Amino acid sequence: MDGLSPNGLSKHLMDEGVDEEVANIILEAGVNGSSVLELERNDLRDLLPGPQMFSIRKDLWRVIAKLKERIEWERIEAYVLCEPSLQATTSTSCSLVSTPATGIKKSEQKTPQQMSCGSSVVSVAKVNFPIYSDADFLACASTGRTLPANVINRLVLCQVSIVWDTCSSLVPPREPTAEELCQVAKKLVTKYPILRDTSDLNPDQPWGAILKKMKRRLSNVKAAKKPQGKVPNRSKTQRILSQCRPIPPASNNRAVELQGSSSSKEPAITSCSTEVIELQPSSKLQGATASGGPMEGPMDLQGATKLQETSEIQGAMKPQRAPSKKLAPTQTLLEDFTFHWKATTHYFNNSKDDKKPVQESNIPSHLDNMLALLTQEELQMEDNQTGPCMEYLLQNKILEMLHILGKADCPPGMKQVVLMFFLNLLGKIRQPLLPHVNVYKPVHRLIKVCGEVRAAPTEKEEIQFLCTVCSKLKESPYLVNFFLELPPRQNNRKGRSSSSGSSKSSVEDLTQPEFSLVNSLVSLVQSPDSRIAVKACEGLMLCATLPEKHAAQCIVDHTQFCTLLAERLCTLYNALPLSMDPVDVDSVEAKWGLYMSSDGEDTNKFPGKRQLISLLSWYDYCDQVIVEAHPIVARALAKQIKERFLVPIMEQLLLQSSEVGILTSTAHLVKFVKMTSSPALLDVLVKFILCEDTQPEKPGEGGSKLRQRLIERCDHLSDEICIMSLKLFETLFCKSNRHIITNLVLRNLLSRGYHSRSGHSEPNSDQGSSNSASSDSGVDTAISNGPKSPGVEPDSPMRDGEAPSVAEAVTEEVKATPLSPSASLSDSEADEQPSIHKIVNSFLNLMPDEARSSYLTGDIGYDMYLREAHRLFRECTVNCLPYDWQNYPTPLDRCSNDAFYEGAFLKILFDKLSRMLDQTYEVNLQVTSLLSKICLFPHPHIQEFFLDPYLPNAPGCRTLHTVLTRVIADLTSRIKSIPDFQKQVCVVRKQLMGMVEEDDRGKKSIAPIMNLPYIDLLEGVIVLEEFSKELAAIAFVKFHAASGRT
């Protein structure tokens, strides 16, 4: 498994149930059998980012953990197979350690002195003692280096446990003797030569050191570090107690063996006297007699009599307990925690090599053990309680000392170890730690260390630590006040005589807060590693979304947060090529995060695509920050983007004279407007394009230079620039911002200057020409109150196409619905409001019969626009809900009598609409699409001005209906000069709908028609017919909605 190739590893993962797509990601990362041991959870988060991949990462980690364990065991087995002297030992010891001997067969018994180097069992006095074997110990011993103390202590602990369990399983149970311990120590030294005692004290006993450790572990006796003072005088009772020792059995001399070397100095006890008393519970004595075992030693009837003679002494004092048959209790968590911390400080006190890497020491393992002890302690404690280990950590300022070591990075690599300790401490401990003064102070100081060095080797640990702190602040926002540092005030006594204004300014300069967390994240955002930069951006977003007002103000005033984001936007925009295709710009989407795509997989590759993706991704990030951030931060960031990016860079490019540059910069601006979702940034962008004017326009006053230039380009000689400028305003109308419709359209309609102030209703000045022009086509010219419904004409071709759909859509109840509530208008105005069917039919009856072609191609007609108009009107109404518009027009008596001017924007649109028959098909589509967007706005003045064909117009005023009427009149006069006009219009319609290749395939009469000089006229007629049906649908939907409100 260790030698698996990336393909083999990918196949193994799929065999374990991992998804094929996930296995391919591991394959692309180049992970093989050897490098899988280095994988961590953070690496899986980088390979499979996002919360939706959480369960997949969890399952993959389980499979990788099993694979790691399997590879490690294979390495250990390979090592044992390479060492023949270890093969028999390892195989035998592994089977003996798990099952201690409970009985000894005769065939397996050996003499006390019979020991073999290849055997893993030592036999002493007909008792077999297994020898503990540890694969890790073998691996460490094979290197030839000095073994760590914890490895030797583990070996001693396990071997003593085996010896004790073996003796306890005998019948009767007993304690191990000194001879047995000695033979086991000899066997250990024989098996592990590295345990030999190389000192000159015992040259003939190389097992003396390990024997001493085993005895000390067995008796749990520590050597005295300092000699004791003079023994104080004892009373008679204490002297008797000091002489009362339990009598050991003659076979093993238990009491003597347990005391180690000190027992040899005591005189041997050969008889029972009144001074020797075995203080054991009577039940034990009875149990020993009842068991049938021989009473060894001189404990006879005379000894029992002596025991009775000393009963009074036993009643007056507390008897000593017999030696326990259990091992000494393990150390408490606090003792272990203290040991690991002292071991860490001991290294710094005794180490003289400052250049030795920290990975070669035991410091990382000690810190990991400390963290594991803290986690274990927290699981044992109740909620909101602090254990002794945590108290020790806080009281002894361990975090402060670790911060100092990490900041100095001594020994090399210590900063990385300290960052990981802080990271795991804050991430794994559930109880709140940051409120403690001995926690947040070192954390705050360690934050300042992060990001100091560009492209440092510890950037990964730094960003993980900072993001952990950010998440903690997001959970408890009030904690952010601990990380807003105020510089110490300077005592300037000489400044007292200065003025009050200067003193206030100096105090303000001395008390400027510093947000170190944001400063460190800003430094890491500029990292060349994209993963570090993305994580830093996430941390900055968390900081910007904190609800604390003081923190938000500090981010704006005393950090480079807003400046960095705006300047980065400028840098990325300047990296774009000078010319780009608008279609390519519109096709690119923002790819935020670790987006990686090879050139071979990119099917729509063009110069500057990667730079454009980076720009749009950063703009999208800025937009999302403004959406989520505190309002103070959002407004400040939007202002910085305007001052540093829009005004100095975008405005200069939009005002240039080069057509290529105009087209590229306008396409970029359209993309920015389309991507913007934050209200604050949208408001800045809209006012940058349209300026802030809301007063009615006057002829010759176009507002700001940029607004005037963009509106003029809607009628540019270049169709590409014209279409892109019209698309810019169409994109603006799709956004929910009141200033857009107010600045471009509504501010010139609020006074209702387009409405005639005469006392009676006058028909539109252009209706007469329209009716007279259409008299030749068979339409009744005697209509005094508007065009007649096409349903009443017996010979009209609309009978089979459009008239039935209108009759079905317009019910009798809706026919009588007025334009607006009559209560808000005067009696004369209310009486003049037409019904819905008249208004709808007025738009449908605009086209003359010979110019209509939809019924000949089987087109559905008017009905196809109703559903789309209803959907668009509903969306527009939702966007306009915050505007709080009135539902009825302002009464004329409250409006001013100023001369009406539709404004520069509507003037350009009406001029473009009046030239529909001479413009290209693409320009006409864009103009009509933009006008339909304006007609959808649910304002009563817009509805009246654009969708009421019976509106009494003021002198010289143009409305949408009057402009269309003039276009129809021009069309009627030009139809006569074109032969077979209706046939050619039908062919062009089929060509535009993609039906020519199916119906007229192989015919040569079609190609000349598409190359005619008046092809724009034919296409314009088709667009005009469809636009009139679309206006009829919008009028019906809006009037129907108005009736629902009443």
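All values derive from a computational prediction rather than experimental measurement.

A. The arrangement of the overall build of the protein in detail. Each helix and strand counted, the protein has 49 helices and four strands in total. Expressed as a percentage of the 1046 residues in the protein, the buried residues total 44%. Contacts spanning at least 24 positions in sequence make up 76% of the contacts within the protein whose residues lie at least 6 apart. Surface exposure of the protein reaches about 54,500 Å², of which carbon and sulfur atoms provide 51%.

B. How the structure looks around the packing of aromatic side chains. All chains considered together, the criterion is met by 20 aromatic pairs. Where Tyr573 meets Phe672, the ring centres are 6.4 Å apart and the plane angle is 50°; that geometry is what we call tilted. Of this pair, Tyr573 sits in helix α26 (residues 561–574) while Phe672 sits in helix α30 (residues 659–675), and the two are 99 residues apart along the sequence. Across this residue pair, the class does not change: Tyr573 and Phe672 are buried. Aromatic rings pair up to connect Tyr754, Phe900, Phe910, Phe945 and Phe946 into one cluster. Here the guanidinium or amino end of Arg568 rests over the ring plane of Trp618, the centre of that ring lying 4.7 Å away.

C. View of the packing of α26 against helix α28 (residues 609–628). Packing of α26 against α28 leaves a shortest axis separation of 9 Å and a crossing angle of 155°. In terms of axis orientation, α26 runs roughly antiparallel to α28. Crossing hand, α26 versus α28: left-handed. The segment α26 lies against α28, with Phe561, Leu565, Arg568, Leu569, Leu572 and Tyr573 engaging Ser614, Leu615, Trp618, Tyr619, Tyr621, Cys622 and Val625. Residue composition of the contact of α26 with α28, grouped by class: 11 nonpolar, one polar and one charged.

D. Expanded view of the environment of Ala680. Looking at the secondary structure, you find Ala680 in helix α31 (residues 679–690). It is 6.8 Å that separates the C-alpha atoms of Ala680 and Ala634, two residues lying 46 residues apart in sequence.

E. Expanded view of the packing of α28 against α30. Following both chains from N to C, one finds α28 and α30 inclined at 35°, their axes separated by 10 Å at the closest point. Seen along the crossing, α28 lies across α30 with a hand that is right-handed. Seen from α28, the contacting residues are Leu615, Leu616, Tyr619, Asp620 and Asp623; seen from α30, they are Lys671, Phe672 and Met675. In terms of residue class, the contact of α28 with α30 is built from five nonpolar, no polar and three charged.

F. Structural view of a positive patch on the surface. Together, Arg41, Arg45, Lys58, Arg62, Lys66 and Lys535 give the surface a local cluster of positive charge. For Arg62, the location among the structural elements is in helix α4 (residues 54–82).

G. Here's a closer look at α26. The terminal C-alpha atoms of α26 lie 20 Å apart, and with 14 residues this matches the ideal 20 Å at 1.5 Å per residue to within 8%. Counting buried residues in α26 gives 10 out of 14 residues, a clear majority hidden from the surface. By the burial criterion, the buried members of α26 are Phe561, Cys562, Thr563, Leu564, Leu565, Ala566, Leu569, Cys570, Leu572 and Tyr573. Tucked into the core, α26 has its buried residues touching α23 (516–525), α24 (530–544), α25 (549–558), α28, α29 (631–654) and α30.

H. Quick peek at helix α45 (residues 960–975). Look at α45: 23 Å from first C-alpha to last across 16 residues, which is about the 22 Å you get at 1.5 Å a residue. Buried within α45 we find Leu960, His961, Thr962, Val963, Leu964, Thr965, Val967, Ile968, Leu971, Thr972 and Ile975.

I. Summary view of the pattern of salt bridges. Enumeration according to the criterion identifies 25 salt bridges in this entry. One salt bridge in this structure joins Arg707 and Glu697, with 3.3 Å as the shortest N-O distance. Residue Arg707 is located in helix α32 (residues 705–712), and its partner Glu697 is located in the loop between α31 and α32; the two are separated by 10 residues in the primary sequence. Taken individually, Arg707 and Glu697 each receive the classification buried, so the pair is uniform in this respect. A salt bridge links Arg989 to Glu1025, with the shortest nitrogen-to-oxygen separation between them at 3.3 Å. Note that Arg989 is positioned in helix α46 (residues 981–993) and Glu1025 in helix α49 (residues 1015–1045), a separation of 36 residues in sequence. For the pair shown, Arg989 and Glu1025 are each scored as buried. One network of salt bridges, with partners in common, ties together Glu902, Lys907, Asp911 and Arg958.

J. Structural view of the pairing of strand β2 (residues 127–130). Both faces of β2 are covered, namely the face carrying Val127 and Phe129 and the face carrying Asn128 and Pro130. Judged from the four bridges that link them, strand β1 (residues 121–124) and β2 form a sheet pairing that is antiparallel. Of the residues in β2, the one forming a bridge with Ser123 is Asn128.

K. The nonpolar core, seen in detail. Counting residues in hydrophobic clusters, the biggest one holds 209 residues, and the most contacted among them are Phe465, Phe905 and Phe946. Of the residues forming this core, the biggest block, 16 residues, is contributed by α49. Counting 31 residues, the second-largest nonpolar core is a separate cluster that includes Leu155, Cys182, Trp207 and Ile210.

L. Quick look at unusual backbone geometry. In this structure, Pro172 follows Val171 across a cis peptide bond, with omega equal to -5°. Here Pro172 lies in the loop between α7 (149–168) and α8 (178–191). Omega for the bond connecting Cys410 with Pro411 falls within 30 degrees of zero, at -5°, which places this linkage in the cis form. By secondary structure assignment, the location of Pro411 is in the loop between α18 (398–408) and α19 (414–428).

M. Fine view of the confidence of the model for the protein. Put simply, the protein has an average pLDDT of 75, and 69% of its residues get 70 or more. Low pLDDT, under 50, characterises residues 79–119; the predicted model gives this stretch 59 contacts beyond four residues in sequence or across chains. Between residues 221–228, whose pLDDT stays under 50, and residues either more than four places distant or in other chains, the model counts three contacts.

N. Looking closely at a negative patch on the surface. A surface patch of negative charge is lined by Asp581, Glu659, Asp719, Glu720 and Glu922. Among the structural elements, Asp581 can be located in the loop between α26 and α27 (582–587).

O. Broad picture of the environment of Ile56. With respect to the helices and strands, Ile56 occurs in helix α4. Separated by 12 residues in the primary sequence, Ile56 and Leu44 place their C-alpha atoms 9.7 Å from one another. Discounting chain neighbours no more than four positions away, the residues touching Ile56 are Val22 and Leu48.

P. Structural view of the state of the cysteines. Enumeration according to the criterion identifies zero disulfides in this entry. Take Cys714: it sits in no disulfide, and the sulfur closest to it among the cysteines is that of Cys722, at 6.4 Å.

Q. Inspection of the side chain of His444 at higher detail. With respect to the element layout, His444 can be found in helix α20 (residues 437–449). We classify His444 as buried; its relative accessible area is 9%.

R. The environment of His550, seen in detail. Turning to its location among the elements, His550 is positioned in helix α25. Classification of His550 as partly exposed rests on a relative accessible area of 45%. Along the backbone, His550 and Leu484 are 66 residues apart, and their C-alpha atoms lie at a distance of 9.0 Å.

About the cut-offs
Along each chain, residues carry numbers from 1 onward, in the same order as the chain's sequence is written. At least 70 in pLDDT is required for a residue's local features to be given in this predicted model, at least 80 for side-chain atom pairs to be given and counted, and no such filter applies to totals for whole chains, interfaces and linings, which use all residues. In computing side-chain properties, one takes all heavy atoms of the structure into account and sets aside hydrogens as well as water. Each helix is a run of DSSP H or I of at least 4 residues and each strand a run of E of at least 2, with the numbering of both proceeding from the N terminus. Relative accessible area decides the class of each residue, using a 1.4 Å probe on protein chains only: under 20% of the type maximum gives buried, over 50% gives exposed, and in between gives partly exposed. The contact criterion used is simple: two residues touch if any of their non-hydrogen atoms lie within 4.5 Å. The Shrake-Rupley method, run with a 1.4 Å probe sphere, supplies the accessible areas, and residue values consider only the shown protein chains as cover. Each Phe, Tyr or Trp ring, with Trp reduced to its six-membered ring, pairs with another whose centre is within 6.5 Å; inter-plane angles below 30 degrees give stacked pairs, above 60 give edge-to-face pairs, and intermediate values give tilted ones. When the NZ atom of lysine or the CZ atom of arginine is within 6 Å of a ring's centre and also within 35 degrees of its normal, the charge is said to sit over that ring. Working convention: axes come from line fits to C-alpha atoms, limited for helices to the stretch in contact. Angles between N-to-C directions cover 0 to 180 degrees. For classification, angles of less than 35 degrees are called roughly parallel, those exceeding 145 degrees roughly antiparallel, those between 65 and 115 degrees roughly perpendicular, and all remaining angles oblique. Note on convention: the crossing is left-handed when the near helix lies turned anticlockwise from the far helix by less than a right angle, right-handed when the turn is clockwise. Just so you know the grouping, Ala, Val, Leu, Ile, Met, Phe, Trp, Tyr, Cys and Pro go in nonpolar, Asp, Glu, Lys and Arg go in charged, and all remaining residues, Gly too, go in polar. Within the patch definition used here, like charges are joined within 9 Å and nonpolar side chains (Val, Leu, Ile, Met, Phe, Trp, Tyr) within 5 Å, considering only residues with over 30% relative accessible area and no salt bridge. The rule for a salt bridge is simple: a side-chain nitrogen of Lys or Arg has to be within 4 Å of a carboxyl oxygen of Asp or Glu. When charges are counted, Lys and Arg are positive and Asp and Glu negative, with His and the chain ends excluded. The atoms used to mark charge sites are NZ of Lys, CZ of Arg, CG of Asp and CD of Glu. Any helix carries an expected span of 1.5 Å times its number of residues minus one. Paired strands are those between which DSSP finds at least two bridges. For our purposes a nonpolar core is just a set of buried Ala, Val, Leu, Ile, Met, Phe, Trp, Tyr and Cys residues, chained together by side-chain atoms within 4.5 Å. The pLDDT value expresses, per residue, how confident the predictor is, ranging between 0 and 100. In this description, a disulfide is simply a cysteine sulfur pair whose atoms lie within 2.5 Å.

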